[in-house]
There are 2 protein chains.
Amino acid sequence: MDLSLRPIGVVRSPYATPLDAPRQGEFARRESVVEIEERYHDGLAGIEAGARLLVVWWAHLADRRVLSRPGTDGVFAMRTPHRPNPVCLSEVEVVSREGGRLVVLGLEATDGTPVLDLKAARAEYDGWCGLPGVGTL
Amino acid sequence: MDLSLRPIGVVRSPYATPLDAPRQGEFARRESVVEIEERYHDGLAGIEAGARLLVVWWAHLADRRVLSRPGTDGVFAMRTPHRPNPVCLSEVEVVSREGGRLVVLGLEATDGTPVLDLKAARAEYDGWCGLPGVGTL
């Protein structure tokens, strides 16, 4: 089974380190840029200013060994980036898009963070069966 | 940079194939079981019946080459599992938990799906800075 991740882009952020970054994207008051590689641009069709997206990013600075700490719940009950597979989610608003360059608000990922995926923030009716011509899988 | 995914568990589901599965987790009326590997059990502390979690799963049956189809938005504007990195999200309710065996409602992943992560469904104040003793990273 192929579980290899292929980053589709990168975050350009005013937050250089986790110390600079807000704890959650909802506290991110500064704009970031999500740069998507050219070969993936066809996947961006339909994304316009005002859209709300989930940015799925790889917390490359996370400690993957952490499962819990005294006095806290386990990482699977929390949102900390420190977890065995540091796949993180931020719901953002698209301020503008020019080609593969998306200016967004609400992203706490630090500068240089690999981007794995973008998704509609709200699950609509386009799950398993929703892509015409592709069928159910 | 290490972007290797390590499944933390597997889905045991009454939905054998995508044809059997509902389009979205919200339409999943049958219970599924998320089995977490023993070495990750410490990360489950605090997860009890009634909890709402995001299950992050790997759509191993997805077509990773799909970016768009005529007449639809691109995959990054949608929720289809077909995408370059088929990392999918389902918000579930925990019906019960016994050790690493979580019975859940709301999961459209098919039987045998690799589980990558569990997270609190609602982002709380435990982001970058939230894990005492770990610091910000």
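Source: prediction; values computed, not measured.

J.: Explain the overall build of chain A to me, and be specific about the residues and the numbers.
T.: From N to C terminus, chain A includes 0 helices and 6 strands. Counting from the amino terminus, chain A carries its helices and strands in the arrangement β-β-β-β-β-β. For chain A, with 137 residues in total, the buried portion stands at 56%. Sequence-distant contacts, at least 24 apart, represent 71% of the contacts inside chain A between residues at least 6 apart. Counting every atom, chain A has about 5700 Å² of accessible surface; 46% of that belongs to carbon and sulfur.

J.: Now, about the sheet that holds strand β4 (residues 87–98) of chain A: what can you tell me, with residues and values included?
T.: Backbone hydrogen bonds hold the strands of a sheet together, and the pairing may be parallel or antiparallel. Taken in spatial order, the 6 strands of this closed barrel run β1-β2-β5-β4-β3-β6 (chain A), and their pairing is antiparallel. The average undirected angle you get between the axes of adjacent strands in this sheet is 45 degrees.

J.: Go over the pairing of strand β2 (residues 31–36) of chain A with me, naming the residues and quoting the values.
T.: All names here are of chain A. Here strand β1 (residues 9–12) runs beside β2; their pairing, made up of 4 bridges, is antiparallel. When the bridges of β2 are listed, R12 appears paired with V33. When β2 meets strand β5 (residues 101–105), the two strands line up antiparallel, connected through 5 bridges. Bridge pairing in β5 places S32 opposite V104.

J.: Summarise the pairing of β5(A); cite the residues concerned and give the values.
T.: All names here are of chain A. Where β4 lies against β5, 5 bridges are found, and the strand directions are antiparallel. Bridge pairing in β5 places V94 opposite V104. Here β4 hands over to β5 after 2 residues, with G99 in that stretch at a positive phi of 60 degrees.

J.: Give me the pattern of salt bridges: which residues, what numbers.
T.: Counted by the stated rule, this structure contains 16 salt bridges over all chains. With a closest N to O distance of 3.0 Å, D117(A) and K119(A) form a salt bridge. Given a relative accessible area of 0%, D117(A) falls into the buried group. Taking the relative accessible area as the measure of exposure, K119(A) reaches 2% and is therefore buried. Residue R12(B) is joined to E35(B) by a salt bridge in which the shortest nitrogen-to-oxygen separation is 3.4 Å. Remark: E35(B) occurs in strand β2 (residues 31–36) and R12(B) occurs in strand β1 (residues 9–12); sequence separation between them is 23 residues.

J.: Any details on the sheet that holds strand β3 (residues 52–58) of chain B? Residues and values, ideally.
T.: Strand order in the closed barrel formed by 6 strands is β1-β2-β5-β4-β3-β6 (chain B), with antiparallel pairing between adjacent strands. Across the sheet, the mean angle from the axis of one strand to that of its neighbour is 45 degrees, orientation sign disregarded.

J.: A description of the side chain of T80(A) should follow, citing residues and the corresponding values.
T.: All names here are of chain A. Mapped onto the secondary structure, T80 falls in the loop between β3 (52–58) and β4. Given a relative accessible area of 0%, T80 falls into the buried group. Within polar-contact distance, the side chain of T80 engages the backbone nitrogen of H82 at 3.0 Å.

J.: So what about the side chain of E108(A)? Which residues, and what values?
T.: Residue and element names in this part refer to chain A. Tracing the sequence through the fold places E108 in the loop between β5 and β6 (114–120). One buried charged residue, E108, remains without a salt bridge, the closest side chain of opposite sign being R79 at 6.9 Å. At a separation of 2.6 Å, a polar atom in the side chain of E108 contacts the side chain of S90.

J.: Give me the lowdown on the environment of A121(B), citing residues and values where you can.
T.: Among the structural elements, A121(B) can be located in the segment after β6 (114–120). In this structure, the C-alpha to C-alpha distance between A121(B) and V103(B), residues 18 residues apart in sequence, is 16 Å.

J.: Outline the confidence of the model for chain A, supporting the account with residue identities and numerical values.
T.: Residues and elements named next belong to chain A. Looking at chain A, pLDDT values average 87 and 85% of them are 70 or higher. When pLDDT is averaged over each helix and strand of chain A, the minimum, 95, is found for β4 and the maximum, 98, for β1. Overall, residues 128–137 carries pLDDT values under 50, and its contacts beyond four positions in sequence, including any with other chains, amount to 39 contacts. Confidence estimates for the predicted assembly give a pTM of 0.88 and an ipTM of 0.88.

J.: Just give me the short version of the environment of P84(B), but keep the residues and values in it.
T.: Turning to its location among the elements, P84(B) is positioned in the loop between β3 and β4 (87–98). Classification of P84(B) by relative accessible area gives buried; the value is 1%. Counting along the chain gives 17 residues from P84(B) to R101(B), while the straight-line C-alpha distance between them is 30 Å. Once you skip the residues sitting within four places of it in the chain, P84(B) turns out to touch R6(A), I8(A), Y40(A), R64(B), V66(B), L67(B), V75(B) and F76(B).

Definitions and cut-offs
Residues numbered from 1 in each chain as written. Chains lettered and ligands numbered in written order. Predicted model: local features only at pLDDT ≥ 70, side-chain atom pairs only at ≥ 80, totals over all residues. Heavy atoms only, no water. Helix = DSSP H or I, 4+ residues; strand = E, 2+ residues; numbered from the N terminus. Buried < 20%, exposed > 50% of the residue type's maximum accessible area, 1.4 Å probe, protein only. Contact = heavy atoms within 4.5 Å. Areas by Shrake-Rupley, 256 points an atom, 1.4 Å probe, with all protein chains shown as cover. Pairing = 2+ DSSP bridges. Axes fitted to C-alpha atoms, helices over the stretch in contact; angles between N-to-C directions. Salt bridge = Lys/Arg side-chain N within 4 Å of Asp/Glu carboxyl O. Polar contact = N/O pair within 3.5 Å; in protein donor to acceptor, adjacent residues only side chain to side chain. Lys, Arg positive; Asp, Glu negative; His and termini not counted. pLDDT = per-residue confidence, 0-100.

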